[in-house]
Amino acid sequence: MSSQDMLKNASTLASYNVLLQVMFRVLTFLLNAFTLRFVSKELIGVVNVRLTLLYSTLVFLSREAFRRACLSGGTDHNWRQVINLLWLTLPLGVLWASLLVCVWLWLLEVPDPLTIPHYGPAVGLFALAALQELLAEPLWVLAQAHMFVRLKVVAESLAMVAKCVLTVVLVVSAPQWGLYIFSAAQLVYTGFLVLCYFVYFLRFLGSGEANRKYFPLQCVADLLPSSVEGEPVIDWTLARLTWSFFKQSFLKQILTEGERYVMTFLNVLSFGEQGVYDIVNNLGSMVARFIFLPIEESFYVFFAKVLERGRDVRQQKQEEVAIAAEVLECLLKLVLVIGLIITVFGYAYSHLALDIYGGSLLSSGAGPSLLRCYSSYVLLLAINGITECFVFAAMSKEEVDRYNLVMLALSISFLLLSYMLTWWAGGIGFILANCLNMGLRILHSLFYIHRYFLLSQWTPLRGLRPSPLLLLALALSAVLTALSEGVFCCDGGWLLRLVHIAVGAGCLLGVLVTVLLTETKLVQFVRTQLLPRYGKKHT
């Protein structure tokens, strides 16, 4: 497959992933707004912080390193050995589940059973849901490596819809079940996910389409662990790379979910405060998760296939390096522009957004300040996602090992900063600690990218320099929307709120027109590579 084909497939995958994440976030957004009317904020705190942290920790530590290692190098693998390696995620998950369930049940503070019943069974059910999802891991990697872009969209869409429907039905009809509602919904989600992947591959393997695509597996038995006489059971090169990524993934998980670990293990916020913080956090990160994360995941696959890991830029195919540099520049410019827009408009519209979403429960107190700070953090989150996406695809095994030491230092500093800043500033302290650590990670990645392209003709870091006219438009928008909030929002009724919204819409339109006029290269990239209707075109 040529680098242009890889770029087209990665762009298509990114587009589908963005649409999928939009649906996820909208459904979750509506689901949280609905459940806020039926359950307590303490219950939401336990589910969205404590139990979700158990689930995400178990799944991430069990599979993330395998995913990154097995997707390196594209489809040029002995897939029988890769499948054998991927099935190790299940026993590893069982080990992590045994350890984490013990910690969650006996080492952490247990919620009051009168206000939040069924905590113990819920811990076990969330762990079971994580193990159930690991059953589909070999199939997920196969689908990603061979660019089965629609499979992920369909599987995760059906699973999410089933989860939302069950949650709504049980919250309305049996709210007294408490944590059982969300545990059952999580089991249904992972069950649908696994079922969709298995049904797809049962129909695909051995079909005419599989033969036309020269798919490396022929029958269902090839999906199970097996060995061939004279061959190693697993690819030991990939296994060693997996171990390197595993050490890194442990540290990355602490950085990614650091505030939840601090809340869970150090009890700096009550369950009710955790619930409010998590709702604001989810609201603030909606755009980051449904736009930036899918782009990062999809283009990591592209960079990992186009670039030869650990090799000097001069020793690689110059055509492919040129494409990688151009794509990196455009991606950096794209996420920078989106991040700046969110930062500018997030400041003036945080209070209104929370008031509409959750009423005085969220718009009073620290809620608006949390969301304003998070709007600034989104900019750093966007840039870091793309820079690390490239760095992790280009690093050699030795460089990954050295970066683990950097991640260790960042993890320790983040936990210390989170603890200290939270005692000083409450929930805002978590966001400030995240900003500091994200800034350090960005600096490390920028230095790496600069050195990588230093002896070449390409300078993709130009993508971090927006046009002066765009900066001027953003500055004017920041002033006008801040003045509008002070005059029209948010105690004067809906008419004045609509005026405030109209001011923001006018400013946003002006910013977008400026982008169209000044960032022509970026606009061309978005039109030809990220929009599905232009999916068959190339840059």
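Source: prediction; values computed, not measured.

Colleague: Lay out the overall build of the chain in plain terms, naming residues and giving numbers.
Modeller: Of the regular secondary structure elements, the chain holds 21 helices and 0 strands. For the chain, the C-alpha radius of gyration of 24 Å lies close to 24 Å, the compact-globule estimate for 539 residues. Among the 539 residues that make up the chain, the fraction classed as buried is 57%. Partitioning the intrachain contacts of the chain with sequence separation of at least 6 by distance along the chain shows that 83% fall at a separation of at least 24. Just so you have it, the chain exposes about 22,600 Å², and 67% of that area is on carbon and sulfur atoms.

Colleague: Please provide a residue-by-residue account of helix α2 (residues 41-70), values included.
Modeller: Counted at 1.5 Å a residue, the expected span for α2 with its 30 residues is 44 Å, and the 41 Å between its end C-alpha atoms agrees. Of all the 30 residues making up α2, 27 are buried; the element is thus mostly covered by neighbouring parts of the structure.

Colleague: Can you tell me about the environment of I83, naming the residues and giving the values?
Modeller: Checked against the element boundaries, I83 lands in helix α3 (residues 79-86). I83 sits 13 residues away from C70 along the chain, and the two C-alpha atoms are 9.4 Å apart. Setting aside residues up to four positions removed in sequence, I83 forms contacts with P138, L142, L217, D222, L223 and L224.

Colleague: Give me the lowdown on the side chain of T242, citing residues and values where you can.
Modeller: Among the secondary structure elements, T242 is positioned in helix α10 (residues 236-256). When sequence neighbours within four positions are dropped, the list of residues in contact with T242 reads A65, F66, A69 and L85.

Colleague: Report on the packing of α2 against helix α12 (residues 271-284), specifying residues and quantitative values.
Modeller: The contact between α2 and α12 brings their axes to 7 Å, and the two run at 65 degrees. In this structure, α2 crosses over α12, and the sense of that crossing is left-handed. Residue-level contacts link K41, E42, I44, G45, V46, N48, V49 and R50 of α2 to F271, G272, Q274, G275, V276, D278, I279 and N282 of α12. Residues that form the contact of α2 with α12 fall into these classes: 6 nonpolar, 6 polar and 4 charged.

Colleague: Quick one: what's the story with the domain arrangement of the chain, residue by residue and with numbers?
Modeller: Taken as a whole, the chain is organised into domain 1 (38-263) and domain 2 (268-460 + 521-530). For domain 1 and domain 2, the distance between their C-alpha centroids amounts to 23 Å. Across the contact, 34 residues belong to domain 1 and 38 residues belong to domain 2. Counting the contacts that link domain 1 with domain 2 gives 1 salt bridge. Where D278 meets R260, a salt bridge forms, and the shortest distance between an N and an O atom there is 2.8 Å. Viewed at the interface, domain 2 and domain 1 are joined by 5 residue pairs in polar contact (both at pLDDT 80 or more). Of all the secondary structure elements, the ones that give two or more residues to the side of domain 1 that touches domain 2 are α2, α6 (137-145), α10 and α11 (258-266).

Colleague: Any chance you could break down the nonpolar core for me, citing the residues and the numbers?
Modeller: Core analysis: the biggest nonpolar cluster contains 179 residues, and Y197, F201, F303 and F453 have the highest contact counts within it. Broken down by element, the residue count for this core peaks at 24 residues, all from helix α14 (residues 318-358). The two domains that each donate at least three residues to this core are domain 1 (38-263) and domain 2 (268-460 + 521-530).

Colleague: Describe in detail the pattern of salt bridges, supporting the description with residues and values.
Modeller: When their charged atoms lie close together, side chains carrying opposite charge are able to pair. Under the defined criterion, the tally for this structure stands at 12 salt bridges. For R63, the salt bridge identified is with E133, shortest N-O distance 2.8 Å. With R63 in helix α2 and E133 in helix α5 (residues 119-134), the pair connects residues that are 70 residues apart, well separated along the chain. As a salt-bridge pair, E137 and R63 come within 4.0 Å of each other at their nearest N and O atoms. With E137 in helix α6 and R63 in helix α2, this pair connects stretches of sequence that are 74 residues apart. Note on R63: relative accessible area 13%, which makes it buried. One salt-bridge network, held together by shared partners, links R63, R67, E133 and E137.

Colleague: Please provide a residue-by-residue account of the state of the cysteines, values included.
Modeller: Two cysteines joined by a covalent bond between their sulfur atoms form a disulfide. In total, this model carries 0 disulfides according to the counting rule given. Between C330, a free cysteine, and C389, which holds the nearest cysteine sulfur, the sulfur-to-sulfur gap is 14 Å. Taking the relative accessible area as the measure of exposure, C330 reaches 4% and is therefore buried.

Colleague: An account of the packing of aromatic side chains is requested, with residue identities and associated values reported.
Modeller: The full count for this structure, using the stated rule, is 21 aromatic pairs. Consider the rings of Y200 and F204, whose centres lie 5.7 Å apart with planes at 10 degrees: the pair is stacked. With Y200 and F204 both in helix α8 (residues 179-204) and 4 residues apart, the pair spans about one turn of that helix. For Y200, a relative accessible area of 26% puts it in the partly exposed group. Between Y419 and W423, the aromatic rings sit 6.0 Å apart at their centres with planes inclined by 85 degrees, giving edge-to-face as the arrangement. Residue Y419 and its partner W423 are both found in helix α17 (residues 397-425); the two are separated by 4 residues, about one turn of the helix. One aromatic cluster in this structure is built from F299, F302, F303, F390, Y448, Y452, F453 and F525. Across the ring face of W494, the terminal group of R497 is positioned such that the distance to the ring centre comes to 4.9 Å.

Conventions we followed
Residues numbered from 1 in each chain as written. Predicted model: local features only at pLDDT ≥ 70, side-chain atom pairs only at ≥ 80, totals over all residues. Heavy atoms only, no water. Helix = DSSP H or I, 4+ residues; strand = E, 2+ residues; numbered from the N terminus. Rg over C-alpha atoms; globule rule 2.2 N^0.38 Å. Buried < 20%, exposed > 50% of the residue type's maximum accessible area, 1.4 Å probe, protein only. Contact = heavy atoms within 4.5 Å. Areas by Shrake-Rupley, 256 points an atom, 1.4 Å probe, with all protein chains shown as cover. Expected span 1.5 Å × (residues − 1). Axes fitted to C-alpha atoms, helices over the stretch in contact; angles between N-to-C directions. Left-handed = near helix turned anticlockwise from the far one by under 90°. Nonpolar A, V, L, I, M, F, W, Y, C, P; charged D, E, K, R; others polar. Domains from an automatic or database assignment. Salt bridge = Lys/Arg side-chain N within 4 Å of Asp/Glu carboxyl O. Polar contact = N/O pair within 3.5 Å; in protein donor to acceptor, adjacent residues only side chain to side chain. Core = buried A, V, L, I, M, F, W, Y, C linked by side-chain atoms within 4.5 Å. Disulfide = S-S within 2.5 Å. Phe/Tyr/Trp six-rings, centres within 6.5 Å; stacked < 30°, edge-to-face > 60°. Lys NZ or Arg CZ within 6 Å of the ring centre and 35° of its normal.

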